[in-house]
Amino acid sequence: VLGKKLKLVVYDDRGRQEDAIVSARRLIDSEKVNVIAGANSSGMCIALAPLLEKARVPLVAPFASNPAATVNAKTQKVRPYVFRLCATDPYHGAVMADYLYKKLGIKTAALLHDVGSEYSEGIKEYFTKRFTKLGGKVLGTYGYRAGDVDFRAQLTQAKGTGAKALVMPSLYKEMGLMAKQSSELGWTPVLMGGDGFSMAMYEIAGETMNNSYWTSNMDLDDKNVQQLMKKYEKKYKAKVFEYTSVTMAYDIIRTVADAIKRAGKDEGTAIKDALEKTKNLKLTHFTLTMDPKTHNPLAKPLVVQQFRNGKIHYLETWAASDVR
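Bear in mind the structure is a predicted one, so any value in this text is a computation, not a measurement.

Caption draft 1: A look at the pattern of salt bridges. A full pass over the atoms with the stated rule returns 14 salt bridges. With a closest N to O distance of 3.2 Å, Glu 18 and Arg 16 form a salt bridge. Classification of Arg 16 by relative accessible area gives partly exposed; the value is 35%. Close ionic contact of Arg 254 with Asp 251 constitutes a salt bridge, the shortest N to O distance being 3.8 Å. Note that Arg 254 and Asp 251 are positioned in helix α9 (residues 243-263) at a spacing of 3 residues, about one turn of the helix. For Arg 254, a relative accessible area of 34% translates into the label partly exposed. By relative accessible area, which is 0% here, Asp 251 ends up buried. In this structure, a network of salt bridges that share partners links the residues Arg 14, Arg 16, Glu 18 and Asp 19.

Caption draft 2: Region of interest: the state of the cysteines. Taken as a whole and assessed by the stated rule, the structure comprises 0 disulfides. There is no disulfide at Cys 45, and the cysteine sulfur nearest it, in Cys 86, is 8.7 Å away. Take Cys 45: its relative accessible area is 0%, and that puts it in the buried class. Given a relative accessible area of 1%, Cys 86 falls into the buried group.

Caption draft 3: Region of interest: the sheet that holds strand β11 (residues 302-308). Overall, mixed pairing links the 7 strands, which are arranged β5-β4-β6-β7-β8-β11-β12 in an open sheet. The open sheet terminates on both sides in strands that have one partner only, identified here as β5 (137-144) and β12 (311-318). Averaged over all adjacent pairs, the angle separating strand axes in this sheet is 20°, with direction ignored. Along the sheet, helix α5 (residues 152-160) makes contact with β4 (108-114), β5 and β6 (165-168), crossing β5 at roughly 170°.

Caption draft 4: Region of the structure containing the pairing of strand β8 (residues 212-216). Among the 5 residues in β8, 5 count as buried, and that is most of the element. Alternating positions in β8 separate into two faces, Ser 212, Trp 214 and Ser 216 on one and Tyr 213 and Thr 215 on the other, with burial throughout. Pairing analysis gives 2 bridges linking strand β7 (residues 190-193) to β8, with the strands arranged parallel. Bridging from a neighbouring strand, Met 192 pairs with Tyr 213 of β8. Here β8 pairs with β11 via 5 bridges, running antiparallel.

Caption draft 5: Spotlight on the nonpolar core. Leu 85, Phe 197, Trp 214 and Met 229 are the most contacted members of the largest nonpolar core, which totals 51 residues. Sorting elements by how many residues they give to this core places α9 first, with 7 residues. By size, the runner-up hydrophobic cluster in this structure holds 22 residues, among which are Ala 97, Tyr 99, Tyr 119 and Tyr 213.

Each value, and the rule that gives it
- Residues numbered from 1 in each chain as written.
- Predicted model: local features only at pLDDT ≥ 70, side-chain atom pairs only at ≥ 80, totals over all residues.
- Heavy atoms only, no water.
- Salt bridge = Lys/Arg side-chain N within 4 Å of Asp/Glu carboxyl O.
- Buried < 20%, exposed > 50% of the residue type's maximum accessible area, 1.4 Å probe, protein only.
- Helix = DSSP H or I, 4+ residues; strand = E, 2+ residues; numbered from the N terminus.
- Disulfide = S-S within 2.5 Å.
- Pairing = 2+ DSSP bridges.
- Axes fitted to C-alpha atoms, helices over the stretch in contact; angles between N-to-C directions.
- Contact = heavy atoms within 4.5 Å.
- Core = buried A, V, L, I, M, F, W, Y, C linked by side-chain atoms within 4.5 Å.

Okay, structure coming up:
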């Protein structure tokens, strides 16, 4: 790009805000990076926003889906140096609610949520709002903390409500354990989860995952995604479990490279300005046009998938302008 090779410098934020801040400071002060890919979560991006703005280094996040990650909730002003490639929590929540209520005819749900996660709390809020508006009833919401491995107490309470669906705005380890433990308790509601899904969940939950539903930023069976998975497996001699993470990482680098090329120089503010003006950029899993007012991808599609017989199956796509 501009006659130079991109250099990738990797730090592990360990999924914690304090580690993300330390890593970002090292990247900016010691490594002198011009742009950052990641962090994954909304909470980490919100914590990093002041540091990024002061240093004038843009960040493109793969899965920071809470609206506050890119738009300050208090001032309603865009965070100038934070961007995302994923769909937002309001949209995920709305699609999950619509699919349960309109497609599957389910009118009652219970929900387990991570009380320390902006992502999980956001999905909880927007799913509840949408599901209730449609006429459904959320019969109970039950909190837990990241790192918990026993959800039987919450699941027993949820089972007692008679809810026909269990909504899980969580990460794959927790969702796998929830699916497994609910089955052990003799409760087999329709399972609905978000983009914390991973094929690795099958190792945890096994057949209890059958007929579960998942919203995702991309379709695994999309030919472009499949081609990328083959390239990954050939290069690293390993099977892809986190196909959404691999694809998002790949597409972030393509987005950054395109912005640097259009900026004409590898300088933070110029890259930030170019990212805001990204239009009709064909990536692996969608075509990106960035909304300069929100730093969200415009009309980002979401897919609904179903897990059956050890595989994830595409069901339907929603375009972001068409929440039905």
